[in-house]
Each structure stands twice: as structure tokens, then as C-alpha cells.
Amino acid sequence: MNVLAMPMHRFIDHHGKLVNPLPEWADLMTLKGFYCDMVLTRSYDNKAVALQRTGKLGTYPSHLGSEAIGIAIGRALKKTDVFIPYYRDLPAMWARGIGMEKNLQYWGGDERGSDFSPDGEHCRDLPFCVPIATQCTHAVGVAAALKIQGNHHVALVTCGDGATSKGDFLESLNCAGAWNIPLVFVINNNQWAISVPRSIQCGAELLSDKAKGAGIEGITVDGNDVVAMFDVIAKSLEHARKGKGATLIEAVSYRLSDHTTADDASRYRSEDELQQAWEFEPIKRLKSFLIEQGAWSEQDDINWQVHCKEVIEKVVDNYLGITPQAPESAFDFLYEQLSEDLLNQRDLIINKAMRMQGGDHG
Amino acid sequence: MAEVTLLDAINMALHYEMAHDQSVIVLGEDVGDNGGVFRATVGLKEKYGCKRVIDSPLAEALIGGVTVGMATQGLRPVAEFQFQGFVFPAIEHLVCHAARMRNRTRGRLTCPAVFRAPFGGGIHAPEHHSESVEALFAHIPGISVVIPSSPQRAYGLLLAAIRSNDPIMFFEPKRIYRTVKSTVIDNGEALPLNTCFTLRKGRDLTLVTWGACVVESLQAAQALSELGIEAEVIDLATIKPIDMASIIKSLEKTGRLLVVHEACKTCGVGAEIIARISEQAMCLLKAPPRRVTGTDTIMPYYKNEDYFMIQEDDIVDAAKLLVEGWK
Ligand SMILES: Cc1ncc(C[n+]2csc(CCOP(=O)(O)OP(=O)(O)O)c2C)c(N)n1
């Protein structure tokens, strides 16, 4: 894939050079903030993979390479908007204010990781959906609800390039156009759906072309350029907020990691391709740009890395220190009220757990 | 007071709840101007507008998912599927999302949604329009299944379903949509979702049924009565959770259990009821329990439909075997 030849929104290229005048909002302070966020979430990602390798986390999907997409989303959304994420969205959730502990807890196999209410204002954001693309239909429902409630809030949903092949995605896009609802779709086009390359997902040249059939605007953006990402997302959110309807954003990026920690991408994709993709990754280019502008230095970078390490170690400590869920917690939130039958089944589990915890193997 | 049909009662319940709760939204294919293919939603759009009565694109997975999304945001959506046979594209949303939202988010988000669908055979409908798959949904943790069988219970149970904070599959026996009539007091009173209803008292056997089969079951009970056999007829109404306590109480008196359902036999809800009786109340039984069910076949096209529908005689014969064969 020749990302340079593809027509897409871009401000800063992979050498860190400006290819278009920066938008008004993009002052150096803001961009430095974006940069720091991206570095922090990347450090988190490295740490999460390490935790999985040492048996302290379950299977984990790395977001390596998609930091610009996530940080732009998280920063562009208002607190009162509703975010409908997919599993690679830690950067967006974190930038939105949801603690990293929650993500560790979730991938650590604890349902409380999807309870964002302790983090405050994100009570209406949806949890991850494991079945691919299903979240798109939920997002249509959320956006329709926001429109019905008339509060000028916007819903934003994300998915991968593979997800765009599913009926749920296409039905959602179609409905968003028909209903004229405040919804922004962001495709993290990271070129691979596990081992299936983008070219096998569909014959369309651009995934954003799918918007045409739905009668909404489709935009392709350099997903490794946080400036372009933020600019397009912010504009699409405003468009939706004004009642002008939905937008489909295709963020062109690359999955620099394996699909998850259970995957080995070297089985199906070439080392050359991966090496080339590293040339375009989002962090390096912004760093070059900031250094060029005199807004950042190598020493700043070292200091920031040290800071990130401290922050993340604390996050990990907190995660590892969390009291496990009670064995019977699977019953606690199944229905508002448990039937007698379920209460009996719950008792059985409690007794069984006591037996097992008591080490009684008889 | 005038008698109304089961369908009218559904419509009355929707009108009542939409008038009294701004968060109730009706959506589905054709539910707006057309008032639904069976006219269950007639008049709602005129009254409550297109923001609350929403025609969706023809896409059932979408309807399922949109309903989940709306429900997470404080609305109480009531989604209509035109027939139970067209719920299948949406099953992923029902099973993977509606049923799990409360659990997945530890109660942070819930899914107070109702998924309505007409079901069952007997109206000479095309393929996919006649099945009864309530057992499929009863199997899923996090979902409740409700089937009304009279106008009064349709009204009260639908109100209860809409007010429930959990997702509910609400299956309407379309064969008796217009044929069963009774008076309904439109006072907004809901019926409980955790109990069955005894429609007829009897001492000789307990007949548990639901949906349209209630009609043939009551007829059979009448015929049996003329033969000196008194059947206690119970409308299960809430398929999940099953009110076993009431069934066991009835069995204490009768000692004989007959389950009648239109759905296929294998892994049907009848099997569940009988399994629970053998676990919990075997000693009450004076005879092995029996089932009158649909066959484990694909529902045939309508020329042969009647052979597959449960007739009054089928029930009478089974009841006689149960009582007389074990005297
Ligand atoms: C309905 C469904 N089918 C299959 C899977 C297994 N699966 C998990 S992730 C994935 C690939 C998704 O690719 P894409 O949408 O491009 O997102 P990416 O992981 O590349 O970010 C698949 C097939 C699933 N979770 N859900």
C-alpha cells in the first residue's frame, strides 16, 4: 500500500514536515500535549503486553500504531458526548478520562473494568463489544436517543477495517444517513483483520467510499497524523452537533503489533511491510516536528519517558492490588432482581467456592 | 364495557405507557404510518410523533442493536419484529448485548428494552412465519421471556415488560390476536412477571400451557369435565423465570402433570418443567408426566399446517391416558 499516494487529509508528514498550514487550534502547547499523551499510552501498551507475557493479564490487543487516532478522539469528544469504543481504544478512553486501571481490569478478566462510573462523568459510554461491528448498531441507537432527548450531544463509534465488512456496520451507516442522527464513525484502518489484509475485506478503493451509499459524508484521514485526525473529528462532531448528520471517517494507519498477544503476525505478513510501516508511525513524526519547532528536545523526551514509567507502574500496582470479584458476582448484575431459582444457583456457587478455597478436594 | 382483542390490548398498553412515560420509544419496520403489519402500533405515531414512533430501515440486526443502544441511554425502547422468524438476524444483539449489558457493566448500564414479535402457527402464513422458538430465548441468561394469551394479560404483562429494567422477549400468539376477546380496564395496572395464572380449577390433573394453546387447552378441559375429569389449567405466561412454586402447588392437589405447547418437543420448555418436577416434586406424582407438543420438524406450509397444530382431541387423549391409564 502506498499511503503517500492515497488522497487523504494530512498536515504533518512522516518526516515531521508540514504539508498544509496548521489549523488555528493547533498551537504548540496543544500539540505537545497530544505528543505526551501518545507516548504515555504507548508506554502503557508495552507494559500491558509485558504483563500478559508474565501471566498477569489475559489476552491483550495492543494499540501500537493507533495512538494518534485514539488521542484525537479522546480529546475531541466532550464529556457529555457518548463514546462507543472497540477493543483497541485504550488511548481514546484514557484521553477521555477513564483510568488505565479499568483497561487492565477488563483484560485481566474482571467485569468491573467496564464500570466507568467510579471515574465520574462517563456513565453513558458503552463498554467494549467483542462481537465485531455490533457496537455500530448500538451507536445508532445511542445517537438516536441523543437526538430524541434533544441535548446536542454526539455519539462517536470506532471499529476496525475488518468490521466494515459486516452487515452491522453497513446497516448502521445506512440508518445513520436515513435518520440524520448525530453520529461519527471512525474506522481504524490498520490494514489487517487478524491475518486478512484490507484488500480482501472489500473491493472499494477507500473505506470512506462506503459513506456514499448511505448518503453521508466520508473522509479519509492520515491516521498517523494526530493533527489531521483531531481536525477532522472535531469538525465532524460539530457538524453532527448542529444537526447536520453523521460522518464516516476512515483513519489510515497500521497495526504495528500482533493482532493480540495470542497472535503471531509474522506467520502472515512480511517483515519488510512492517519495517516500512514503522516509517509512518504517529509518534516519531510529531516528535520531529516539535523538535524542529523548538518546542521539544531529546532531554524532554527522556524526562517524559521516566515520568510515564512512574505513572504506569502506579497504575499496575493499583491493578494488582484490587480485591478479586467474589465468585458469585456472576449473579449480581444479571437481572435487576434474582429469581429464587437463581438465588439457589448462586448459593451452590458460593458453597462450591468455599469448598475449593478451603482446599477440600474430597 | 366493550370487549377488545388481544391485539387491541397490546395497542392500548403501548398507548398508555407512551402517554405516561416520555422515555418509551416504539421502533421497527412499518410501525409508523402503517401501525405495524398487524396494526399493533396503530395511532401511536399520530399521537406521539416520529421522534418516539420510529420506522427503521429494513434491517433486523440493526433494530436489535439500535434498541440496545437506546436502552443504555435512559430510553425504554419497545422494538417490533414483524414475525418471530425474523428475529434471527438480531439474535446476536439479543444474546450478546441486550442480555449482558447489566452484567458486563456491573449495573452501570442496563437494557430496559422490550422485543416484541408475533409467533406461532395456524394463520396460513408463509414459511418462517409460524414457528415457536421461545425455548431458544429462555435458554439465554439475562433475558426474560413473556407470552400473553388473553387481552387482559397482554395488556398487563406488556406494561410490566416495558416497566421492567431488564430486556424482555415478548412473544405474541398471533393466531389468537383477533379471535380471543375480553374486557380490559385501561388503568395502567401491570401484571407480575414472575407468576403463572390459573385459568381453571381442577382436582385430577394439572395442565400447564401458554400462548395460543391456551384456547384448545381450555376447550379440552371442558370436554374432560364432561367425562368426569377435572383439569386445572395454568397459563405459564412468563416462560422465564418459570413460576414452579405455583405448578408444584397445583400438583400437590392433582398429582398429574400435562404440559401442552406448540413449540418443538426436543429441549422445549415442557422438558424443562418436567425436569424440574422430577428434581423438586417427584414424590407428588401419581403418574409419569406427559407432554403434548409440536413435532421436531420444520413447520410445514399451510396446506398441512392443521395436522401439526395441537388440537383439542390431542390434549383430551393425553389427559385421559394420564388419568385413566394410571388409576
Ligand atoms: C463477529 C465476530 N467474528 C469474529 C471475531 C473474531 N475476531 C476478533 S478481532 C477480529 C479481527 C477484526 O479486525 P478489524 O475489524 O480490522 O479490527 P483490528 O483488530 O484490526 O483493529 C476477528 C475476526 C469476533 N470477535 N467477532
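Residues numbered from 1 in each chain as written. Chains lettered and ligands numbered in written order. Predicted model: local features only at pLDDT ≥ 70, side-chain atom pairs only at ≥ 80, totals over all residues. Heavy atoms only, no water.

S.K.: Hey, could you go over the sheet that holds strand E10 (residues 205-209) of chain B for me, with residue numbers and the actual values?
M.R.: All names here are of chain B. One open sheet accounts for 5 strands, arranged E9-E11-E10-E13-E14; its pairing is mixed. With one partner strand each, in any of the chains shown, strand E9 (197-200) and strand E14 (290-293) form the two edges of the open sheet. Neighbour to neighbour, the strand axes of the sheet diverge by 25 degrees on average, direction disregarded. Taken together, the 5 bridges between E10 and strand E11 (residues 231-235) define a ladder with parallel strand orientation. If you follow Thr209 over to E11, its bridge partner there is Asp235. (Pairing = 2+ DSSP bridges. Helix = DSSP H or I, 4+ residues; strand = E, 2+ residues; numbered from the N terminus. Axes fitted to C-alpha atoms, helices over the stretch in contact; angles between N-to-C directions.)

S.K.: How would you summarise the packing of helix H1 (residues 28-53) of chain A against helix H12 (residues 298-320) of chain A if you had to cite specific residues and measurements?
M.R.: Residues and elements named next belong to chain A. The interhelical angle for the contact between H1 and H12, taken along N-to-C directions, is 50 degrees, at an axis separation of 9 Å. Considered as vectors, H1 and H12 are oriented oblique to each other. Crossing of H1 against H12: the hand is right-handed. Of H12, the residues touching H1 (which contributes Tyr35, Cys36, Val39, Leu40, Ser43, Tyr44, Lys47 and Leu51) are Asp301, Trp304, Gln305, Cys308, Val311, Ile312 and Val316. Its residues assigned to classes, the contact of H1 with H12 shows 11 nonpolar, 2 polar and 2 charged. (Parallel < 35°, antiparallel > 145°, perpendicular 65-115°, else oblique. Left-handed = near helix turned anticlockwise from the far one by under 90°. Contact = heavy atoms within 4.5 Å. Nonpolar A, V, L, I, M, F, W, Y, C, P; charged D, E, K, R; others polar.)

S.K.: Go over the domain arrangement of chain A, please, and point to the residues and values.
M.R.: Parsing chain A into structural domains produces domain 1 (3-321) and domain 2 (327-357). Taking only C-alpha atoms, the centre of domain 1 of chain A and the centre of domain 2 of chain A are 38 Å apart. (Domains from an automatic or database assignment.)

S.K.: Report on the site of the ligand, specifying residues and quantitative values.
M.R.: Residue and element names in this part refer to chain A. Near the ligand there are 16 residues, and of these Tyr86, Tyr87, Arg88, Gly162 and Trp192 occur at the shortest range. The backbone of Gly162 places a nitrogen or oxygen atom 2.7 Å from an oxygen atom of the ligand. Taking Ala163, its main chain carries an N or O atom lying 2.9 Å from an oxygen atom of the ligand. Compared with its free state, where it exposes 580 Å², the ligand has 72% of that area covered by protein. Looking at the shell around the ligand residue by residue, the classes come out as 9 nonpolar, 4 polar and 3 charged. (Near = heavy atom within 4 Å. Polar contact = N/O pair within 3.5 Å; in protein donor to acceptor, adjacent residues only side chain to side chain. Areas by Shrake-Rupley, 256 points an atom, 1.4 Å probe, with all protein chains shown as cover.)

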